[in-house]
Amino acid sequence: MVIGRLHKAVALISGVVIALAVAAVPASAQTYTLLDVGNVAVPRAECGPGSLPETGLQGDVPAEDRNNLRSTQGYRCNMSLLGGLQDRGGGILSVTYDHCSYTSTFFPGNLLGPSPGVQVLYVSDPSRPVMTTSLNEPAMLAGTWESLKVNKKRALLAATAVPVSTGTGYFSIYDISDCAHPRLLNRGAGTDLTMPLWFLSHEGGFSPDGNTYWTSGTSPGFVSAIDVTDPANPRIIWQGLHGLSGHGFGISPDGNRMYLSNMAGMTILDISAVQRRDPYPAVPQIATYFWTDGHFNQHSIPVTYDRRPYLFTLDEAGSGGVKVFDISDEANAQVVQKIKLEINLDDNMDQNVRSASGGSVFAYDPHYCAVDRPANPTALACSWISSGIRVFDVRNVNDIREIAYYNPPAQTHKNLLLTNSAHALSSIIGVPLFDFVPLARSMFEGKVDPSIAIGPRIGQIAFGDLSSDWCLSPPEFHGNQIWTSCMDNGFMALQLDNGVYQAPADQDSTIGS
């Protein structure tokens, strides 16, 4: 009877989420619901000399390692730390350009220090990153969440103010041609407290040509296009409500398609009219895809293999991993591959909950990925929250395997020192709430062993101990190095070792927006 009720509850929750999302989709758009749940992990990396491998399942930080402080040594395989800058934590994400990295702010914790605002790091020597300045415009001080982005083509850095999940009003854009000394361009609308721009944002990013900065709000799913052709005078040229909730996105290289994340899937929008600057642009929905394998879709990366278009899209909760779509027919896109670690599989959800207890609301899911080039990518690097930074060989879309990982040392019991870490603040809650749906599904299928799930950390429902880090930033390729940040460890320059990766001559690290 208990199992029956549980099954009904899971079905009801999934059904309500999808039904609400479907209700917001125009009747003219194609709508698909994908029910397949992947239960195969990518092959493990073969660790070479100098590695300090994981002690449990692929991607796991076991409960025993957390409790006996083994996790404070971290885990590494074919990848090592060159240098970093922890300071008060890495915010939610960092982005890079040229020889610099920019560390986001988490409100209000980033204000509790001597240099509040977005940190500018000069990384000409990766072993000794140096902070050159901090950006303290209203948008930068109020928390940038997932809006801090770079456009390499025009050497622009921009962000919006997002104090708590969704923000509005303030937008700053900088010239970073001298990457260590950004120059504010819009001294007026969006930076003057009396001149807000009316949009909602949680996530933001540039069109590939750098002429449009797009924002999306989580509740409701309100999308805005800000024309930054003249960065000194940003202006909103289109806004639309696409659904009840929205998140990140990816944009096609020609700027004509947006692959917009929603609460349980992805919507494909035709944004060509905005890209052309039509006077009264219409933005039709081409298709919407919902799935039960994962939720809170985070962002997408459009790529091509031999000129055929594909999409890497990832879920930051629900153990959905990374899905690879063939989008040659956008109105009938097909999932051709799933990238999951062993800790994400339904067969292992008892172990997942055992180790993630006391680690706060997120557990082991991807958050941001980057490919080393958009055409025929050879490698995909992903921040995988408590599983650290994971790197995959993606030369053959049908034969993806892991080649390296770096899960940084846990900053156990340093909660009060890391005021710019959302993980440190979130650890007031100890329960991995966002694993409820896959756990319930696994229980219904009889795959949960209570003797495993109920482990030594199960009672830590509040005040987590930071026994693993949260990695959420895009891991960006710089030759054979990866530059990124994790919430507790801050900025890190990582070296891919043992000849596992050879940077292509035309390397062009991209996250899709």
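Preceding this section is the structure that the text describes.
Scope of this entry: the structure provided in the associated data block. Not measured: the values here are computed from a predicted model. (Residues numbered from 1 in each chain as written. Predicted model: local features only at pLDDT ≥ 70, side-chain atom pairs only at ≥ 80, totals over all residues. Heavy atoms only, no water.)

1. Things to note about the nonpolar core
Worth spelling out the cut-off: The term nonpolar core refers to a set of buried residues drawn from Ala, Val, Leu, Ile, Met, Phe, Trp, Tyr and Cys, joined through side-chain atoms within 4.5 Å. Residue burial is assigned from relative accessible area. The probe radius is 1.4 Å, only protein chains are included, and a residue is buried under 20% of its type maximum, exposed over 50%, and partly exposed in between. A run of DSSP states H or I qualifies as a helix once it reaches four residues; a run of E qualifies as a strand once it reaches two. Both are numbered from the N-terminal end. Working rule for contacts: check all heavy atoms of both residues, and any pair within 4.5 Å makes them a contact.
Counting 29 residues, the largest nonpolar core has Phe312, Val322, Ile339, Leu380 and Phe392 as its most contacted members. Of all the secondary-structure elements, those providing two or more residues to this core are β2 (75-77), β22 (295-305), β23 (308-317), β24 (322-326), β26 (368-371) and β27 (379-383). Excluding anything up to four places from it in sequence, Leu380 contacts Ile301, Phe312, Ile339, Cys369, Ala370, Val371, Arg390, Val391, Phe392, Val394 and Phe477.

2. Some remarks on the pairing of strand β29 (residues 401-407)
Remark: a regular strand shows side chains that alternate across the two faces of the sheet. Spelled out, the test is: Strands qualify as paired when DSSP identifies two bridges or more between them.
Most of β29 is tucked away: 6 of the 7 residues are buried. As paired strands, β2 and β29 are joined by 3 bridges and run antiparallel to one another. Bridge pairing in β29 links Tyr75 to Asn407. Of the strand pairs in this sheet, strand β28 (residues 389-393) and β29 are connected by 5 bridges, and their pairing is antiparallel. By the bridge assignment, Arg390 is partnered in β29 with Tyr405.

3. So, the sheet that holds strand β14 (residues 203-206)
We count it as follows: Only the contacting stretch of a helix is used when fitting its axis, a line to C-alpha atoms as for every element, and angles between N-to-C directions run 0 to 180 degrees.
A sheet is described by the order of its strands in space; here 4 strands give the open sequence β14-β15-β16-β17, paired in antiparallel fashion. The sheet terminates laterally at β14 and β17 (235-243), the two strands that pair on one side only. Across the sheet, the mean angle separating the axes of adjacent strands is 15° when strand polarity is ignored. Pairing of strand β15 (residues 212-216) with strand β16 (residues 221-227) involves 5 bridges; the strand directions are antiparallel. Within the sheet, the bridge partner assigned to Ser216 lies in β16 and is Val223.

4. A look at the state of the cysteines
Rule in force here: By convention in this document, the label disulfide applies to cysteine sulfur atom pairs within 2.5 Å.
Inspection of the entire model under this criterion finds 4 disulfides. The disulfide that involves Cys100 links it to Cys179, with 2.1 Å between the sulfurs. One quick way to see it: the torsion about the S-S bond of Cys100 and Cys179 is about 60°, and its sign makes the bridge right-handed. Of this pair, Cys100 sits in strand β5 (residues 100-103) while Cys179 sits in the loop between β11 (171-175) and β12 (183-184); the two residues are 79 residues apart in sequence, bridging distant segments of the chain.

5. Some remarks on the sheet that holds β29
The 5 strands are arranged β2-β29-β28-β27-β26 in an open sheet whose pairing can be described as antiparallel. Two strands in the sheet have a free side with no partner beyond their single neighbour: β2 and β26. Put simply, the sheet's adjacent strands are angled 20° from each other on average, direction ignored.

6. Some words on the pairing of β27
Summarising burial for β27: 5 of the 5 residues are buried, a large majority. Across the two faces of β27 the burial is the same, with Ala379, Ala381 and Ser383 and Leu380 and Cys382 all buried. By the bridge criterion, 4 bridges tie β26 to β27 in an arrangement that is antiparallel. Each residue of the ladder has a partner; that of Cys369, found in β27, is Cys382. Sheet analysis places β27 next to β28, joined by 5 bridges and oriented antiparallel. Bridge assignment links Leu380 to a residue of β28, and that residue is Phe392. Taking the residues between adjacent antiparallel strands as the criterion, β27 and β28 are bridged by 5 residues, where Ile385 takes a positive phi near 45°.

7. Observations regarding helix α7 (residues 436-444)
Along α7, the residues that are buried comprise Val437, Pro438, Leu439, Ala440, Arg441 and Ser442. Immediately beyond the C-terminal end of α7, within one or two residues, lies Gly446, with a positive phi of roughly 75°.

Interpretation note: all reported values are geometric properties and have no functional meaning in isolation.
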